[in-house]
Amino acid sequence: MSLGWSGAGVPTWEPSIHRLLPLRVVQFKVKESIVAPPRGWVEHAPAPSNHILELRIALPQPVLPPLEKHLWEVSDPSHKRYGDYLSREETEVLLTPYPHTIDTVSEWLASYGIYEEHLFRSSAQDWVTIRVPVSLAEEMLDTKYHLYRHFETGEYIVRTTRYSLPEVLHEHVQFIQPTTMFARFKAFRSTLHWTTVSVSDASTGSTITGPAGNQVDASCNQTITPTCLRQLYNADGYETSATNGNQIGITGYLGQYVNNHDLQQFFETYAPEAYGSNYTIVSINDGQNNQSIAAAGEEADLDAQYAFGLTYPTPGTFYTTAGSPPFDPDAHTPNNTNEPYTYWLEYMLSADNLPQTISTSYGDDEQTVPESYADRVCMGLAALGARGVSLTFASGDYGVGDGDSNPETQLCFSNNGRNTTMFVPMFPASCPYVTTVGGTNYIPETAASFSGGGFSNYASFSRPSYQDNAVSNFLSKLAPGTYEGLYNPDGRAYPDVSAQSDWFIIAYKGQFGYVGGTSAASPTFASIISMVNDARISTGKKGLGFLNPWLYSVGYAALNDITMGHNPGCGTEGFNASVGWDPVTGLGTPNFEKLKELALQLP
């Protein structure tokens, strides 16, 4: 038997006469199904039988309650175990499936001629990856795959709306994808103001007073630079260390590459102290970092220029993960249309050395993501938190759903077959184990109208205890019946915090221009936290890890409360920013010096 190896090291299955039968003859039972593809996706044609699917099989992790317990204890400033983070080995013990589960799934795969040499297992053995043609996947899952086309973007993906497994396998398989998940995990960019500017346009001589009482260049009301953010968030003059062990990471997907020429051009002009510095590239699943001008990515350029520019000389890492290329239905060799997010998560959980702070600016509507998948990814993020990583995620760029306040033209509809109007939360922004960052603009700061915010609709993402008081206080101030039926008041509420998110100047393809969106807010807030971690580590303490229990109990006192603005969408004006936490700007924007002072008081 010859094997065709994928870039990720997963061999492609080829026909074999050596098949076992027992698990192939038992009764199938539906494992997962959706009523219809999410809005925007239309069935186009049957999937080509020879199209190769890289199936990701999630095996149940048997001891998740203890993992969650560890996370709460090491993240709670009032607990005696605060900061006592788990090692990779300790985390893997909690994630590894029962041996019987591993054996049962292996037997099922072997019944189709798929043996150990044809698959890849994660280090915790909780993921099994195989490469098989559509024809075999349809046989194994008792389903039919189709090509679906997105009517707005024109892209194609191979998916199904239901799949089944032998009933005996149901307790041993959490889910298999790609099947019913239509998420694209796009980069969040609400406003791409691509008007090229000259350097002289970016500064003035006058100043205005920032929220910390310090002076901020008045030009920051039109153009955001690293200097603006340091002034605005009271971090001007703080110098980080290159050698104390602190690190910051950013993630890149969907062909988003950091262009090094753009980075140095930006540094030379707006962060001259960082000019000539470099960063580490980690390739996951054959992720690239194409340096051609045409391949430069606005999102990746934005993340790198601000995260690495604000925190220099803190070592920075760019994680580039391949996946989700466009599918060409007319091509003779179809491409892989798997989403890339779980590949990144699997790699990170197997790594020994992790940055203390990581920013991600990608996500999609919750209703495009099966709850089983969201649960699994969110628990993986919890495991990173238990290892001491502070994770920030952009909250999304469409207010409470689609950014449209007109009831006649709004596009917020449920995907349960009823087609009812409802707010549309984002994932992974709605995961309870990450710090979600909304957007602000101008000085004094107001909520950006596109700032994503709301409440999770997943049954398993109920409101976590750390935010119960803050969210209850907000809800108690709403007029009775406000948006009743449009959102789930008992769900995990987001964002947690916010930061500037518009008119960020970046170097892109050799020119300077403006970008905006919560994709700018996430690396900004992450950079401030990275500086706080730097201060702690320099005094012999550990990084802050999962931030939310601290932010909601103590850290909020070091945030600038944003009380103006709202986030329209779904035919409504959305929620209002208000005193205290709100689902537009969270607890507010950072004041570095105050955060540092509070953080240094922690164990």
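Computed from a predicted model, the values in this text were never measured in an experiment.

Here we have three strands laid out as an open sheet, ordered β12-β19-β21, and antiparallel in their pairing. Across the chains shown, the open sheet's two edge strands, defined by having one partner strand only, are β12 (186–187) and β21 (426–427). Both β12 and strand β19 (residues 362–365) contribute to a ladder of two bridges, which runs antiparallel. Across the sheet, the residue bridging to A187 is Y362, located in β19.

With that settled, the discussion passes to the nonpolar core. With 157 residues, the main nonpolar core has W108, L109, I130, W344, L381, L384 and F427 as its most contacted residues. Element by element, the count of residues in this core is highest for helix α9 (residues 371–386), at ten residues. Filtering out sequence-adjacent residues up to four positions away, L109 remains in contact with I57, I114, L119, V128, I130 and M140.

Another aspect to go through is the side chain of T314. By the secondary structure assignment, T314 is in the loop between α7 (298–311) and β17 (316–321). If we ignore the near neighbours within four places in the chain, the residues touching T314 are T240, S241, N246, Q247, I248, S530 and D534.

Turning to the confidence of the model for the protein chain, a few remarks are in order. The pLDDT averaged across the protein chain works out to 91; a share of 90% of its residues lies at or above 70. Here residues 1–8 scores under 50 on pLDDT; set against residues more than four positions off or in separate chains, the count is 21 contacts.

The next subject is unusual backbone geometry. Across the junction of Q177 and P178, the peptide omega takes the value 5°, indicating a cis bond. When you line up the elements, P178 lands in the loop between β11 (175–177) and β12. Residue Y312 is joined to P313 through a cis peptide bond whose omega torsion reads 10°. Take P313: it is sitting in the loop between α7 and β17.

Here we come to the pairing of strand β8 (residues 146–150). Counting buried positions along β8 yields four of five residues, so the element is predominantly enclosed. Pairing geometry for strand β4 (residues 41–46) and β8, over five bridges, is antiparallel. The residue bridging W41 from the neighbouring strand is H150, located in β8. Strand direction decides the pairing type here: β8 and strand β9 (residues 156–159), joined by four bridges, are antiparallel. By the bridge assignment, H146 is partnered in β9 with R159.

This brings us to the pairing of β19. Bridge count between β19 and β21: two bridges; the pairing is antiparallel. Following the sheet pairing, D365 is matched in β21 by M426.

What follows deals with the packing of aromatic side chains. The tally for this structure, following the rule as stated, stands at 34 aromatic pairs. Note on Y270 and F512: the rings are 5.5 Å apart at their centroids and 90° apart in plane angle, and the pair reads as edge-to-face. Remark: F512 occurs in strand β28 (residues 511–515) and Y270 occurs in helix α6 (residues 260–270); sequence separation between them is 242 residues. An aromatic cluster of at least three residues, connected via ring pairs, comprises F423, F455, F474, Y483, Y487, F575 and W581. Taking NZ or CZ as reference, R56 lies 4.8 Å from the ring centre of W127, over its face. Across the ring face of W127, the terminal group of R376 is positioned such that the distance to the ring centre comes to 4.8 Å.

Rules behind the numbers
Residues numbered from 1 in each chain as written. Predicted model: local features only at pLDDT ≥ 70, side-chain atom pairs only at ≥ 80, totals over all residues. Heavy atoms only, no water. Pairing = 2+ DSSP bridges. Helix = DSSP H or I, 4+ residues; strand = E, 2+ residues; numbered from the N terminus. Core = buried A, V, L, I, M, F, W, Y, C linked by side-chain atoms within 4.5 Å. Buried < 20%, exposed > 50% of the residue type's maximum accessible area, 1.4 Å probe, protein only. Contact = heavy atoms within 4.5 Å. pLDDT = per-residue confidence, 0-100. Phe/Tyr/Trp six-rings, centres within 6.5 Å; stacked < 30°, edge-to-face > 60°. Lys NZ or Arg CZ within 6 Å of the ring centre and 35° of its normal.

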